[in-house]
Amino acid sequence: GGGAGVEASGKRGEGDRLVGAGGDGDTREEDNQFLAPGDPRATDPRGISLGGNEFPFAPEWTASISPEWTALRTENDGKLVLSGEVQYQSHQWYDFFNAKQAVGPLRNGQKAYTLVNGRVAFETPRFTVAAFIKNAFDVYYNSYGINVESFGADFFVPGPPRTFGGEVSFRF
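Below or above, wherever it landed, is the structure these notes cover. All figures in this text were calculated on a predicted structure; none of them were measured in a lab.

## Some thoughts on the overall build of the protein
Helix and strand content of the protein: 0 helices and 11 strands. Start at the N end of the protein and walk to the C end: the helices and strands fall as β-β-β-β-β-β-β-β-β-β-β. At 22 Å, the protein has a C-alpha radius of gyration far larger than the 16 Å of a compact globule built from 172 residues. Counted over contacts in the protein with a minimum sequence separation of 6, partners at least 24 positions apart contribute 57%. Roughly 10,800 Å² of accessible area belongs to the protein as shown, and the carbon and sulfur atoms make up 58% of that amount. Of note, the protein has its 16 positive side-chain charges centred 7 Å away from the centre of its 22 negative side-chain charges.

Below you can see the structure in the form of structure tokens.
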């Protein structure tokens, strides 16, 4: 396995910028690697073969783009800044077995998802007032999962739901 990542940024004028990033993570277990000897689903006495399985929590593809635009400038060095972010992550597994051991929802891993975040801020040299939203489309996804089927269930940690708020900061 292997992978590669790239990040690029550009700036136009005073304050407008664009940042983009992407990653390709081809993580796979080598042949002749086994876990869970004695598991009833194993077809080999050494356990369940992991050969060719993807690493857990390692999506094959990731991408993000983050534009920032200064929409307005005032005479007293104030500015209205609009910024956003789109993050994509392809399917990922929660354990080394991928779909070879779990029988419940964990077996499917986490499907691909995209998150959208945004922020609007009025900034001056002395203070900033801002409003933000995270996970704007309220995408449901699990940020973590673990196989505890031997206790009768799977354990998942959901990612944060849509969140919004404001912030005020002062500089002295």
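## Some remarks on the environment of F132
With respect to the element layout, F132 can be found in strand β8 (residues 127-134). Residues F132 and F96, 36 residues apart in the sequence, show an inter-C-alpha distance of 37 Å. Ignoring sequence-local partners within four residues, the contact set of F132 consists of G118, R119, T163, F164, G165, G166 and E167.

## Let's talk about the environment of A99
Within the secondary structure, A99 is located in the loop between β6 (79-89) and β7 (113-123). For A99, a relative accessible area of 25% gives the class partly exposed. Along the sequence, A99 and N53 sit 46 residues apart, while their C-alpha atoms lie 9.0 Å from each other.

## Some remarks on the side chain of Q110
By the secondary structure assignment, Q110 is in the loop between β6 and β7. One polar contact links the side chain of Q110 to the main-chain amide nitrogen of N142, over a distance of 2.8 Å. Excluding anything up to four places from it in sequence, Q110 contacts H91, Q92, Y94, Y141 and N142.

## Notes on the packing of aromatic side chains
What the rule picks out here adds up to 5 aromatic pairs. Look at F122 and F127: their rings are 6.4 Å apart centre to centre, the planes differ by 50°, and that puts the pair in the tilted class. With relative accessibility at 29%, the residue F127 sits in the partly exposed group. In this structure an aromatic cluster arises from ring pairing among F57, Y94, Y144 and F156. Its end group placed over the ring of F132, K134 keeps NZ or CZ at 5.6 Å from the ring centre.

## Brief notes about the pairing of β7
Two elements, β6 and β7, share 11 bridges in a ladder whose sense is antiparallel. Following the sheet pairing, G84 is matched in β7 by G118. Turn length for the β7-β8 hairpin, with the two strands adjacent in sequence and antiparallel, is 3 residues.

## Details of a nonpolar patch on the surface
On the surface, a cluster of nonpolar side chains totalling about 390 Å² of accessible area is made up of F57, Y144, I146, F155 and V157. If you list the elements that add at least two residues to the nonpolar patch, you get β9 (142-148) and β10 (153-158).

## Considering the environment of R17
Looking at the element boundaries, R17 is found in strand β2 (residues 16-26). In the structure, R17 is positioned 51 residues away from E68 in sequence and 5.3 Å away in space, judged by C-alpha atoms. Beyond its immediate stretch of four places on either side in the chain, R17 contacts G10, K11, S66, P67 and E68.

Basis of the calculations
- Residues numbered from 1 in each chain as written.
- Predicted model: local features only at pLDDT ≥ 70, side-chain atom pairs only at ≥ 80, totals over all residues.
- Heavy atoms only, no water.
- Helix = DSSP H or I, 4+ residues; strand = E, 2+ residues; numbered from the N terminus.
- Rg over C-alpha atoms; globule rule 2.2 N^0.38 Å.
- Contact = heavy atoms within 4.5 Å.
- Areas by Shrake-Rupley, 256 points an atom, 1.4 Å probe, with all protein chains shown as cover.
- Lys, Arg positive; Asp, Glu negative; His and termini not counted.
- Charge placed at Lys NZ, Arg CZ, Asp CG, Glu CD.
- Buried < 20%, exposed > 50% of the residue type's maximum accessible area, 1.4 Å probe, protein only.
- Polar contact = N/O pair within 3.5 Å; in protein donor to acceptor, adjacent residues only side chain to side chain.
- Phe/Tyr/Trp six-rings, centres within 6.5 Å; stacked < 30°, edge-to-face > 60°.
- Lys NZ or Arg CZ within 6 Å of the ring centre and 35° of its normal.
- Pairing = 2+ DSSP bridges.
- Patch = residues over 30% accessible without salt bridge, like charges linked within 9 Å, V, L, I, M, F, W, Y side chains within 5 Å.
- Salt bridge = Lys/Arg side-chain N within 4 Å of Asp/Glu carboxyl O.

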